[in-house]
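One-letter residues, chain by chain:
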Amino acid sequence: MFESLLQPVELGKTRLRNRIFNPPHGTTLGHQGMVTDDLIAYHLARARGGVGLIIMESMTVHPSYGFEQAFLYAGSDRIIDGLNRLVQSCRAEGTPVFGQLFHAGRGVRLSHDGSRPLSYSASDVPDERYRVVPVPMPNEMVWEMIESYAAAAGRLADADLDGVEILASMGYLIAQFLNPTSNRREDEFGGSLDNRMRFLREVIDRSRDRIGPDKTLGIRVTLDEKTENALPEGDMIAVCQALDADGKLDYFSVISGSSATPGGWIHVFPPMAVTPGFVVDDAARLKQSVSKPVLVAGRINQPQLAAQIIDAGSADMVGMARALIADPEFVNKVENGRAEDIRACVGCNQACVGHRLAHFPVSCIQNPPSGRERSIGSIGRASKTQTILVIGGGPAGMKAAAVAAERGHRVQLHEISGRLGGQVNLAEALPGRAEFGGVTTNLQRELQNAGVDIQLNSELDAEAVRRIDPQHVIIAIGARPRQPEVEVEGVEMVDAWAVIGGQTVPGNNVVIADWSCDWSGLGVAEKLARDGHHVRLLSGGSVAGESIQAIVRDQWIGVLHGLGVEMTPFARFYGALDGSAYFQHMTGGEAIVCEAVDSIVTCFAPQASRACDWLERLDGFAISRIGDAVAPRTVEEAVLEGFRLGRKL
Ligand SMILES: Cc1cc2nc3c(=O)[nH]c(=O)nc-3n(C[C@H](O)[C@H](O)[C@H](O)COP(=O)(O)O)c2cc1C
Ligand code: SF4
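Analysis parameters
- Residues numbered from 1 in each chain as written.
- Chains lettered and ligands numbered in written order.
- Predicted model: local features only at pLDDT ≥ 70, side-chain atom pairs only at ≥ 80, totals over all residues.
- Heavy atoms only, no water.
- Helix = DSSP H or I, 4+ residues; strand = E, 2+ residues; numbered from the N terminus.
- Rg over C-alpha atoms; globule rule 2.2 N^0.38 Å.
- Buried < 20%, exposed > 50% of the residue type's maximum accessible area, 1.4 Å probe, protein only.
- Contact = heavy atoms within 4.5 Å.
- 1 Å grid on protein atoms, 1.4 Å probe; cavity = no way out; pocket = protein on both sides within 12 Å on 5 of 7 lines; lining within 4 Å.
- Points joined across faces, edges and corners; volume = space filled by probe spheres on them.
- Near = heavy atom within 4 Å.
- Polar contact = N/O pair within 3.5 Å; in protein donor to acceptor, adjacent residues only side chain to side chain.
- Areas by Shrake-Rupley, 256 points an atom, 1.4 Å probe, with all protein chains shown as cover.
- Nonpolar A, V, L, I, M, F, W, Y, C, P; charged D, E, K, R; others polar.
- Sits in = over half its atoms within 2 Å of the grid points.
- Pairing = 2+ DSSP bridges.
- Axes fitted to C-alpha atoms, helices over the stretch in contact; angles between N-to-C directions.
- Right-handed = clockwise from strand over helix to strand, strands pointing away.
- Core = buried A, V, L, I, M, F, W, Y, C linked by side-chain atoms within 4.5 Å.
- Parallel < 35°, antiparallel > 145°, perpendicular 65-115°, else oblique.
- Left-handed = near helix turned anticlockwise from the far one by under 90°.

### Some thoughts on the overall build of the protein chain
The helix and strand inventory of the protein chain stands at 22 helices and 29 strands. A globule of 649 residues ought to have a C-alpha radius of gyration of about 26 Å, and the protein chain, at 26 Å, matches this closely. By residue count, 61% of the 649 residues in the protein chain fall in the buried class. Considering only intrachain contacts with a sequence separation of at least 6, the fraction spanning at least 24 residues in the protein chain is 71%.

Shown next, in the form of structure tokens:
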């Protein structure tokens, strides 16, 4: 079934063992712009997992965009040694490594000292997402920049990387030169398409000169920037055709989206609302226009979809960034007939993109060792087998049970309801969020493979615990909703979990009192608006969804706006009387009054469940608490704590 996916392929003179590549993604595992042992361990895990090619994260090339706390810096020879160690490690496992070169142009918010940096672009056209006005590059600076790219490409070759990729996509510097709406220059770099592509062409020509004929050279392009003022697709195809004819490039990699606007940005890190494989048609069109191999990435998280893309001839290789963050063993599992064991990425963006944009190392909510390969990478075997009782079948309990069982313990998992998953079952019930249920499906598979004894509809008492006779009891019973302590009279008040779970249906005019600013407020607002209710969402933060990953939030807010949900930020709920709900502006202090309210739906702080406190009166075993049963947080912390505890036992 996956035969075509596992066929070798050549990009230039680099031979790859299969058609799956790991696309460039910033990991924040470097330090001061240099490669670290953590970064090497991260890529080594994916090379050992069988991936055909690793294209390393964007490396910056010029001091005008250094920012070494976030990016590797290829503008200095100091990068060479670390890169060489990295490529030697991965090559020994059969995986070649390319490096990607990048400059954000006007897309700059970072500086070394906290002040706003100068940003440089083709012209002084402002950027909507970063809200900066760039400095138009003087002509001599453009030539200097081109030289910086070429010098950086030379360093990558000196480090013996197998190839170099030039990032010409996503609205960054090279794309700013290509696009007539951001390039208003009147010198040899502006005006006609030929002039606008001169910057890219010079970078490619000079990079090829530096790296020689034996190293692979490719570019990453965007056909559809999914934004206003996008570079027309026809222009981008014409650019690729001209470069193809120049004969200096070995491949074209296609992606979607742009950094220049909030809407375009969503497609650079597409959340689960974006259809899997959404860039494939673009890749297929480019493939018909150029002679060299075409690579594609973007929400490809299942081997079936990947194989279809190769079988249909839409692309020569498929990229998986987040799919391999979630499961570095993806390719080995495909090869060994264990595709159903793949821990599929669910497109939540939380621990990968979320960590990255907050300048922390990438990880995965489902896979804590990702990005922590050197600190908690292996699970190992316990020296003494114990009987472990896990109470609660949410993500924390499931992960702890699976890891403990993998270490060789006898593990029983008891869940009071008839279904594993805990709060994930609520999150996946929301419109467009069904894929989130993959978290439970994946954990169930881990439990099954590890041999955990799962008991559903099981409420334990002291006698039952004595019969099991555990050495260790893990309490992972999660949290319960609670209502805010305010006076409410003459208006129905219900909690969001009950609405999402279908236990109650609120009246027509709904006000959501959203303390949490997470998925519950946004999700219940969308559900009710789609069901025909008039919805007002009043959130206790600067924006609805403030607590969740920004791209997921931004996409969701666009949906709510389209559904007519009225959103008010900085609103503290303080009561309701006879059809009116009262809030206070959290900074201004004035009242916000909502009239004609039938129901108030609350997304208030949940409470750690204490339902198993009676266990502390028994003896003969150790007790640990994990996840929301300690304090309510998110799936990420639940799984991380479950993993850490399971690995310790
Ligand atoms: C944490 C993270 C950082 C990324 N950084 C880069 C980057 O440095 N350069 C780049 O071209 N793309 C970058 N991307 C985009 C990915 O290469 C890829 O196109 C995108 O994640 C969609 O593919 P996926 O659905 O397989 O994750 C990044 C993606 C993620 C998740
Ligand atoms: S955190 Fe979410 S989006 Fe990121 S790799 Fe894991 S499952 Fe995928």
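Resuming the write-up.
### Examining empty space enclosed by the protein
Taken as a whole and judged by the stated rule, the model has four cavities of 30 Å³ or more. Its boundaries defined by the atoms lining it, the largest cavity holds a volume of some 110 Å³. Taken together, 14 residues make up the lining of the largest cavity; nearest its centre are Cys345, Cys348, Cys352, Cys364 and Ile365.

### Re the site of ligand 1
Inspection of the region around ligand 1 gives 21 residues, with Pro24, Arg220, Arg299, Ala321 and Arg322 positioned closest. Residue Gly26 places a main-chain N or O atom 2.9 Å away from a nitrogen atom belonging to ligand 1. In the model, an oxygen atom of ligand 1 is placed 2.9 Å from a nitrogen or oxygen of the Ser58 side chain. Burial of ligand 1 by the protein amounts to 96% of the accessible area it has alone, namely 610 Å². In terms of residue class, the shell around ligand 1 is built from 11 nonpolar, six polar and four charged.

### With respect to the site of ligand 2
Every residue close to ligand 2 is listed here: Arg322, Cys345, Val346, Gly347, Cys348, Asn349, Ala351, Cys352, Cys364, Ile365 and Gln366. Given that more than half its atoms are within 2 Å of the pocket grid, ligand 2 belongs to the largest cavity. By residue class, the composition of the shell around ligand 2 is seven nonpolar, three polar and one charged.

### Examining the sheet that holds strand S27 (residues 599–603)
Across a sheet, strands are paired by hydrogen bonds formed along the backbone, either parallel or antiparallel in direction. The strand order across the open sheet formed by five strands is S20-S27-S21-S22-S23, and the pairing between neighbours is parallel. Where the open sheet ends on each side, the last strands, each with one partner, are strand S20 (492–495) and strand S23 (566–568). Taking the axes of each pair of neighbouring strands and ignoring which way they run, one obtains an average angle of 20° across the sheet. Across six bridges, the pairing between strand S21 (residues 509–514) and strand S22 (residues 534–539) is parallel. Bridge pairing in S22 links Val511 to Arg536.

### Description of the pairing of S22
Extensive coverage of S22 is indicated by the burial of five of its six residues. Traced from S21 through helix H20 (residues 519–530) to S22, the parallel crossover comes out right-handed. Where S22 lies against S23, three bridges are found, and the strand directions are parallel. Bridge pairing links Leu537 to Met567 in S23. A crossover connection joins S22 to the parallel S23 through helix H21 (residues 550–562); in handedness this β-α-β unit is right-handed.

### Regarding the nonpolar core
If you look at the biggest cluster of nonpolar residues, it comprises 124 residues, and the most contacted ones within it are Leu101, Tyr149, Ile166, Phe199, Leu200, Leu286 and Val318. No other element matches helix H3 (residues 139–158), which puts nine residues into this core. Excluding anything up to four places from it in sequence, Tyr149 contacts Val61, Leu101, Phe102, His103, Ile166, Leu173, Ile174, Phe199, Val203 and Ser207. Listed in part, the 57 residues of the second largest apolar core include Ile365, Leu430, Leu528 and Ala638.

### Here we look at the packing of helix H15 (residues 395–406) against helix H22 (residues 635–648)
Interhelical geometry of H15 versus H22 gives an angle of 25° and a closest axis separation of 7 Å. Classified by the interaxial angle, the pair formed by H15 and H22 is roughly parallel. Crossing handedness for the pair H15 and H22: right-handed. Here H15 contributes Pro395, Ala396, Lys399, Ala400, Val403 and Ala404 to the contact with H22, which in turn contributes Val635, Ala638, Val639, Gly642, Phe643, Gly646 and Arg647. Among the residues making up the contact of H15 with H22, the classes are represented as nine nonpolar, two polar and two charged.

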